[in-house]
Amino acid sequence: IKKNGLEEIKQAENSNHINDVRVKLLGKKGSITEVLRGMRDLSAEERPKVGSFANKIRDELTEAITKKHEELEEKKLAKRLASETLDVTLPATEVKLGTPHVLVQVIDEIEKLFLGMGFQVVDGPEVEEDHYNFEMLNLPADHPARDMQDTFYITKQLLMRTQTSPVQARTMEVHDFAQGPLKMISPGKVYRRDTDDATHSHQFHQIEGLVIDKNITMGDLKGTLELIAKKVFGAEREIRLRPSYFPFTEPSVEVDVSCFKCGGAGCYVCKNSGWIEVLGAGMVHPNVLKMAGIDPEVYGGFAFGLGPDRFAMLKYGVDDIREFYLNDVRFLEQFSQKG
Ligand code: PHE
């Protein structure tokens, strides 16, 4: 039994094997157990001899099994450690950090400029009431100028805002002039029922601007916008105002920036006229002030609506507005702020 037992223990290749061997030798029906059990048939003199002999063998086998078991466990551990080795000198996989979207970058830049001039940044809802998107801006239900803005209606009274101008109306309504003049901008998404092409997108961005105080003139409007144009497009930029029409401003203007040829930072394609239109603006219409509870005899101001998409296209020479909304990483990575 001992010889065979030790041999089997030696042969065992894993802890399952060794367990089988243990059961076979020392278990309830194991060979050693059987010998010990058979002792009741022996004579009184034989019993202690056979007993101590069998016990000795049982102890030896037990020890051999324990040793082998430990050996196997050690081997198993060594194998696992070897397979899980980590080479700490390997170069790490690059962690890809995102970058703010180019439109976000342009909006941030413009926001900072206005914050520096003491404007506050105000938010407004994208799902807007007809009341604020049109009525309060001097555009009653039957006004023909509503056609200028192809509107996504949700219900008769609710719509996707077509402009950020409703934030003007909302802010004017609650402003307390005892706290000082009203100077705000409001960046955000706007929606129009347009067919997408290189220059149209059914969703784009605007930054609304509004200043209301005593003695505000068109000169203030021009000075403010000129400063923004020079900061965003370069110090050599000039602006010009052309007469236009918006129901909520009088007079209304279209603002152009002077062109420069492509090449280098801030490149954009020049139109033949040498000017390129960048925003709409004007002096706030007295009706709009009155509706918001502001006395037009005392207060006046200017407003403008600037398109960050347009600004970004001109600033970086992007020729298709849809690029901003396709989320093609190859396009977006060009505006990475890394390094
Ligand atoms: N809301 C106008 C538009 O979307 C732009 C604008 C804003 C014009 C403020 C004048 C004053 O076309």
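Report on the accompanying structure.

Criteria and cut-off values
- Residues numbered from 1 in each chain as written.
- Predicted model: local features only at pLDDT ≥ 70, side-chain atom pairs only at ≥ 80, totals over all residues.
- Heavy atoms only, no water.
- 1 Å grid on protein atoms, 1.4 Å probe; cavity = no way out; pocket = protein on both sides within 12 Å on 5 of 7 lines; lining within 4 Å.
- Points joined across faces, edges and corners; volume = space filled by probe spheres on them.
- Helix = DSSP H or I, 4+ residues; strand = E, 2+ residues; numbered from the N terminus.
- Salt bridge = Lys/Arg side-chain N within 4 Å of Asp/Glu carboxyl O.
- Buried < 20%, exposed > 50% of the residue type's maximum accessible area, 1.4 Å probe, protein only.
- Near = heavy atom within 4 Å.
- Polar contact = N/O pair within 3.5 Å; in protein donor to acceptor, adjacent residues only side chain to side chain.
- Areas by Shrake-Rupley, 256 points an atom, 1.4 Å probe, with all protein chains shown as cover.

**Description of empty space enclosed by the protein**
Counted under the stated rule, the structure contains one cavity of 30 Å³ or more. Size it by volume and the largest cavity reaches roughly 50 Å³. Every residue along the wall of the largest cavity is listed here: Leu 225, Ile 228, Ala 229, Phe 233, Ile 239, Val 255, Val 257, Val 278, Leu 279, Leu 306 and Phe 311. Those elements giving two or more residues to the lining of the largest cavity turn out to be helix H8 (218–233), strand S7 (249–258) and strand S8 (275–284).

**Section: the pattern of salt bridges**
Counted under the stated rule, the structure contains 16 salt bridges. Between Lys 2 and Glu 60 there is a salt bridge; the shortest N-O distance is 2.8 Å. Remark: Glu 60 occurs in helix H4 (residues 46–83) and Lys 2 occurs in helix H1 (residues 2–11); sequence separation between them is 58 residues. Its salt-bridge partner being Glu 129, residue Arg 170 comes within 3.9 Å of it at the nearest N-O pair. In this pair, Arg 170 is assigned in helix H7 (residues 165–174) and Glu 129 in strand S2 (residues 127–129), connecting sequence segments 41 residues apart. We classify Arg 170 as partly exposed; its relative accessible area is 26%.

**So, the site of the ligand**
With respect to spatial proximity, 15 residues lie near the ligand, and among them Gln 163, Ser 165, Arg 192, Gln 206 and Gly 305 are the closest. One nitrogen or oxygen atom from the side chain of Gln 163 is found 2.8 Å from a nitrogen atom belonging to the ligand. A distance of 2.9 Å separates a nitrogen atom of the ligand from a polar side-chain atom of Ser 165. Its free accessible area being 330 Å², the ligand has 92% of it covered by the protein chains.

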